[in-house]
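Topology and contacts: notes
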Amino acid sequence: MTPLSPRTLRGAIVSFRLPSPIPNVIVFQYNPGTLTRTLEVRTAGGGDAAGEEAFRIAGAPHETIKLDIELDGTDSDVDDPSGGVQRQLAALEMLIAPPTELVIANTILAQLGTIELIPPQAPFTLFVFGSQRILPVRIAEFGITEDGFEPGLRPIRAKVSLGLKVLTYSDLPFTHPGYQISLAQQVAKEAMARAASATSLDAVLGAGQRIL
């Protein structure tokens, strides 16, 4: 690669079935062209707070991210049972489904008359979009549009619409690895904000001197 055509990083979703440290990595075949972020302030007294309480911030803002992932398996082997884009779709769908071994275990416990079953635990999931955006997330919305099918009716192309709820240090316990990751992201963001403020101040002062 040359400086005129720098290497573009690939976005990804990385998940862990804690306490196992082995990640499941889903690399985006194509980076999304658009990413929508919505932030909502987390106030101490709720939306009806008044007086000084109206200015108090209870923690990191609520943030949601929406993006579309394009999958294309046109060049895959049609004789492969997992050809097309089914393999990628299955990996994404497993992020919001309990593992079958847990379902079977709970079924056995229910048959034995056990009152307390094993609660399903979603995997610890990270949204990775560049080195400066590594965020703990929970998948809140999931939509799939399949486009084109091979002779066995396996989808050849698909668009996955994801809605991600960002989990911050205000949502996670101190001992959770996502807490540390979220806090590190906040520290990096504060540094960028300070740099932007200093640049803006220099521009304003420079403009004032030119006027004088």
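Residues numbered from 1 in each chain as written. Predicted model: local features only at pLDDT ≥ 70, side-chain atom pairs only at ≥ 80, totals over all residues. Heavy atoms only, no water.

1. A few points about the overall build of the chain
For the record, the criterion: In this description a helix means any DSSP run of H or I spanning at least four residues, a strand means any run of E spanning at least two, and both kinds are numbered starting from the N terminus. Here, residues are in contact when the closest pair of their heavy atoms is within 4.5 Å.
For the chain, the helix and strand inventory stands at three helices and seven strands. Considering only contacts within the chain whose residues lie at least 6 apart along the sequence, 59% involve residues at least 24 apart.

2. Some remarks on the sheet that holds strand β6 (residues 134–149)
Selection criterion: Here a strand pair is declared whenever DSSP counts at least two bridges between the two strands. As a rule, the C-alpha atoms of each element are fitted with a line to give its axis, helices using only the stretch in contact, and angles between N-to-C directions run from 0 to 180 degrees.
An order of β2-β1-β5-β6-β7-β4-β3 is seen for the seven strands of this open sheet, with the pairing classed as antiparallel. Looking at strand neighbours, the two that pair on one side only are β2 (23–27) and β3 (35–40), the edges of this open sheet. Averaged over all adjacent pairs, the angle separating strand axes in this sheet is 25°, with direction ignored. With 10 bridges joining them, strand β4 (residues 62–72) and strand β7 (residues 155–166) adopt antiparallel strand pairing. Bridged to L67 within β7 is L162.

3. What about the layout of surface pockets?
Going by this rule: A cavity here means a set of 1 Å grid points, computed over protein atoms only, where a 1.4 Å probe fits but cannot escape. A pocket is an open set with protein on both sides within 12 Å along at least 5 of 7 lines, and lining residues have an atom within 4 Å of a point. Grid points are joined across faces, edges and corners, and a volume is the space filled by probe spheres set on the points. Polar here means any residue other than Ala, Val, Leu, Ile, Met, Phe, Trp, Tyr, Cys and Pro, which are nonpolar, and Asp, Glu, Lys and Arg, which are charged; Gly is therefore polar.
By volume, the largest pocket is sized at about 470 Å³. Taken together, 22 residues form the lining of the largest pocket, with R17, Q121, A122, P123 and F124 sitting closest to its centre. For the lining of the largest pocket, the secondary-structure elements that each account for two or more residues are α2 (100–111), β5 (124–128) and β6. Here the element with the most residues in the lining of the largest pocket is β6; it accounts for three residues. Of the residues contributing to the lining of the largest pocket, the split by class is 16 nonpolar, three polar and three charged.

4. What about α2?
What counts here: Between the first and last residue of a helix there are one fewer steps than residues, each counted as 1.5 Å, and that sum is the expected span.
For α2, with 12 residues, the first-to-last C-alpha span of 16 Å sits near the 16 Å given by 1.5 Å per residue. Trailing α2 by a residue or two, G113 shows a phi angle of about 90°, which is positive.

5. Looking at a nonpolar patch on the surface
Our working rule: Only residues above 30% relative accessible area that lack a salt bridge enter a patch, with like-charged residues linked at up to 9 Å and the nonpolar side chains Val, Leu, Ile, Met, Phe, Trp and Tyr linked at up to 5 Å. Shrake-Rupley sampling with a 1.4 Å probe provides the accessible areas, and residues are treated as covered by the protein chains on show and by no other component. For salt bridges, the criterion is a side-chain nitrogen of Lys or Arg within 4 Å of an Asp or Glu carboxyl oxygen.
Together, I104, I108 and L112 give the surface a local cluster of nonpolar side chains, amounting to about 330 Å² of exposed area. With respect to the helices, strands and loops of the structure, I104 is situated in helix α2.

6. Description of the pattern of salt bridges
Formally: Here's how the labels work: a residue is buried when its accessible area is under 20% of the maximum for its type, exposed when over 50%, partly exposed in between, all with a 1.4 Å probe on protein chains only.
Enumeration according to the criterion identifies six salt bridges in this entry. Between E141 and K66 there is a salt bridge whose closest N-O contact spans 3.6 Å. Here E141 is found in strand β6, whereas its partner K66 is found in strand β4, with 75 residues between them in sequence. Using a relative accessible area of 43% as the deciding quantity, one classes E141 as partly exposed.

7. Remarks on unusual backbone geometry
Each neighbour pair has its own omega, and for L18 with P19 the value is 10°, a cis peptide bond. Here P19 is to be found in the loop between β1 (12–16) and β2. A positive phi angle, close to 65°, is found at L153, a residue other than glycine. Considering the arrangement of structural elements, one finds L153 in the loop between β6 and β7.

8. Focus on the nonpolar core
Quick reminder of the rule: In this text, buried Ala, Val, Leu, Ile, Met, Phe, Trp, Tyr and Cys residues form a nonpolar core when linked through side-chain atoms within 4.5 Å.
Ranked by internal contacts, the top residues of the largest apolar core, which has 20 residues, are L67, F127, L162 and L164. Broken down by element, the residue count for this core peaks at five residues, all from β7. For L67, the contacting residues outside a window of four places in its chain are F28, P32, T34, F127, V160, S161, L162 and L164. In terms of nonpolar packing, the next biggest core, distinct from the first, is built from five residues, V14, F16, L126 and V128 among them.

9. Quick word on empty space enclosed by the protein
By the definition in use, this model includes one cavity of 30 Å³ or more. Size it by volume and the largest cavity reaches roughly 30 Å³. Taken together, I26, V27, F28, Q29, I69, L71, Q88 and L92 make up the lining of the largest cavity. Of all elements in the fold, only β2, β4 and α1 (86–93) reach the threshold of two or more residues within the lining of the largest cavity. A per-class count over the lining of the largest cavity returns six nonpolar, two polar and no charged.

10. Some points on the side chain of E63
Examined against the element boundaries, E63 turns out to sit in strand β4. The class of E63 is buried, set by a relative accessible area of 8%.

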